[in-house]
Amino acid sequence: MNVVFAGTPEFAAVALEALLAAGHRVPLVLTQPDRPAGRGMKLHPSPVKAAALAHGIEVAQPRSLRLDGKYPDEAAAARERLRAAQADVMVVAAYGLILPQWVLDLPPLGCLNIHASLLPRWRGAAPIHRAIEAGDTQTGITIMQMDAGLDTGDMLLVRPEAITPDDRTARLHDRLAALGGEAIVDALARLPELRRIVQPVEGVTYAHKIDKAEAEIDWREPAPAIERRIRAFDPFPGASGQWAGEPIKIWAAQAVAGEGAPGTVLSSDADTFTVACGEGALCVTEVQRPGGKRIPARQFLQAVGPLQGHSFAGRTP
C-alpha cells in the first residue's frame, strides 16, 4: 500500500521499519519538530525522523494540523503534502498531535492507530507506564480505526502481551513496540476482511501523561504499590526519596515484610537496605545519586555507611 506514517518516539520508529520491511511504500512521514536535548540543549530529531531520513523518506514537522489553530500556515502546508502523497491509508503511532477531521477523512482507507494497550483500558498518553503501575498482568496492542475521540475508535485487531512481575516500562515498551510493528503489518494485509468492533463502554480507563511530580515516593503507601511505581517510572521519571537532604533515585526494590514509621530504614546490610512503608517495607537494591550513574545499593552503602534508624523523606501532605 501507499502509506503515510505519523509518529515520533522509538515505539513508532519500530513500526515504521516494520512497514518498510513488509514492502509498503511510505512517501511521507509526519513527526514532531526537533527538540532540544542533552547538556548543550542542541536540537535533536525524533527517532521517527531519523529512521525516515535514513530511508530517504520526505518528512514534515508541523507544530499543528489545525487549519484554524495557532499555526494555520504550517497546517495548510501539511495538507498539501498529504494530498500530494496520495496515500491509501495513514498509520499513526504515538504521534503527539491530535488529528483534525480533515486528516481522518483524507486517506480512502482512513487512519489506523497502533495503541499500546488492550482498549478500552488505558486510553491516553502513557498506557505502558499505567498498566505496570496499576498491577495489570496483561496488556497488548490494539490496531484501531481512528475517529475524532481520544482512542475511542473501532478496534480492528488485538494482540495480547503478558506483564511479568519484574517488568519495567523500558522492557515492556520494547516488546510492545515489536508487537505493534507485527500487528500493523498483519492488519494492512488483512484489512478488507477485518471486522470493526465498537469499544465496550465498560472498563474504560485513562492513562494520563507521566508528570515529574509523581516521581517522589510517598512512603505512606503500601510497599507493593511503591514497587510497581518504581518499575513503571523506569526509565522516566524515576522514583526518588530524600536522604540527608539529597535526592536519591531508587531504580530497583522488592516489597517485603516489615513494620515501622513510613520512611524509616528498618535494616541495612552489606548489599541492601529496607525502608518501612505504610504497609510492609521495601528492600532497595539499586539507586542513583545526583550526577551519578545507577549503582547497586551496596556501593551506596559503602559510601554513606549503615542506614538503619535513619529516615528517607518523601512526599508529604
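Details of the structure are given in the entry above.
Computed from a predicted model, the values in this text were never measured in an experiment.

### Some remarks on unusual backbone geometry
The amide bond that connects Leu119 to the next residue, Pro120, takes the cis arrangement and shows omega of 15 degrees. By the element assignment, Pro120 lies in the loop between strand S7 (111-115) and strand S8 (123-124). A cis amide bond links Asp234 to the next residue, Pro235, at an omega of 25 degrees. Here Pro235 lies in the loop between helix H7 (223-232) and strand S12 (239-243). Phi angles above zero are rare outside glycine, and Gln86 is one such case at about 50 degrees. By relative accessible area, which is 62% here, Gln86 ends up exposed. Backbone geometry places Trp122, a non-glycine residue, at a positive phi of 65 degrees. Mapped onto the elements, Trp122 comes out in the loop between S7 and S8.

### Quick word on the sheet that holds strand S9 (residues 138-145)
Strand order in this open sheet of seven strands is S5-S2-S1-S6-S7-S9-S10, and the pairing throughout is mixed. Either end of the sheet is taken by a strand with one partner, and the two such strands are strand S5 (58-60) and strand S10 (154-162). Each neighbouring strand pair of the sheet contributes to a mean axis angle of 20 degrees, computed without reference to strand direction. Examined bridge by bridge, S9 and S10 share eight bridges and lie antiparallel to one another. Paired with Thr142 across the two strands is Val158, which belongs to S10. Where helix H1 (residues 10-21) meets the sheet, its contacts fall on strand S1 (2-7), strand S2 (25-30), strand S6 (89-93), S7 and S9, and the angle it forms with S1 comes to roughly 170 degrees. Its contacts with the sheet place helix H6 (residues 169-189) against S1, S6, S7, S9 and S10, and it is angled at close to 145 degrees to S10.

### Concerning the pairing of strand S16 (residues 281-288)
Among the eight residues that make up S16, six are buried, leaving the element largely enclosed by the rest of the structure. In this structure, strand S13 (residues 246-256) lies alongside S16, joined through seven bridges in antiparallel fashion. Within the sheet, the bridge partner assigned to Ala255 lies in S16 and is Leu282. Two elements, strand S15 (residues 273-276) and S16, share four bridges in a ladder whose sense is antiparallel. Looking at the pairing, Ala276 lines up with Ala281 of S16.

### Section: the pairing of S15
A two-sided burial pattern is seen for S15, the buried positions comprising Phe273 and Val275 on one face and Thr274 and Ala276 on the other. Judged from the three bridges that link them, strand S14 (residues 265-268) and S15 form a sheet pairing that is antiparallel. Bridge pairing in S15 links Ser267 to Thr274. Where S14 hands over to S15, the hairpin turn is made up of four residues, counted between the paired strands. Taking the residues that link successive antiparallel strands as the turn, the S15-S16 hairpin has four residues, and the phi of Gly280 there is positive, at about 75 degrees.

### Let's talk about the packing of aromatic side chains
Within this structure, the stated rule accounts for four aromatic pairs. Residues Trp219 and Phe312 carry aromatic rings whose centres are separated by 6.3 Å and whose planes lie at 70 degrees to one another, so their mutual orientation is edge-to-face. Residue Trp219 is found in the loop between strand S11 (206-207) and H7, and its partner Phe312 is found in the segment after helix H8 (297-304); the two are separated by 93 residues along the sequence. Here Trp219 matches Phe312 in class, with each residue buried. Centre to centre, the rings of Trp243 and Phe300 are 5.8 Å apart; their planes meet at 80 degrees, and the pair counts as edge-to-face. Of this pair, Trp243 sits in strand S12 while Phe300 sits in helix H8, and the two are 57 residues apart along the sequence. Looking at Trp243, the relative accessible area reads 14%, which means it is buried. It is Arg294 that lies over the ring of Trp251; its NZ or CZ is 3.6 Å from the centre.

Cut-offs and rules
- Residues numbered from 1 in each chain as written.
- Predicted model: local features only at pLDDT ≥ 70, side-chain atom pairs only at ≥ 80, totals over all residues.
- Heavy atoms only, no water.
- Helix = DSSP H or I, 4+ residues; strand = E, 2+ residues; numbered from the N terminus.
- Buried < 20%, exposed > 50% of the residue type's maximum accessible area, 1.4 Å probe, protein only.
- Pairing = 2+ DSSP bridges.
- Axes fitted to C-alpha atoms, helices over the stretch in contact; angles between N-to-C directions.
- Contact = heavy atoms within 4.5 Å.
- Phe/Tyr/Trp six-rings, centres within 6.5 Å; stacked < 30°, edge-to-face > 60°.
- Lys NZ or Arg CZ within 6 Å of the ring centre and 35° of its normal.

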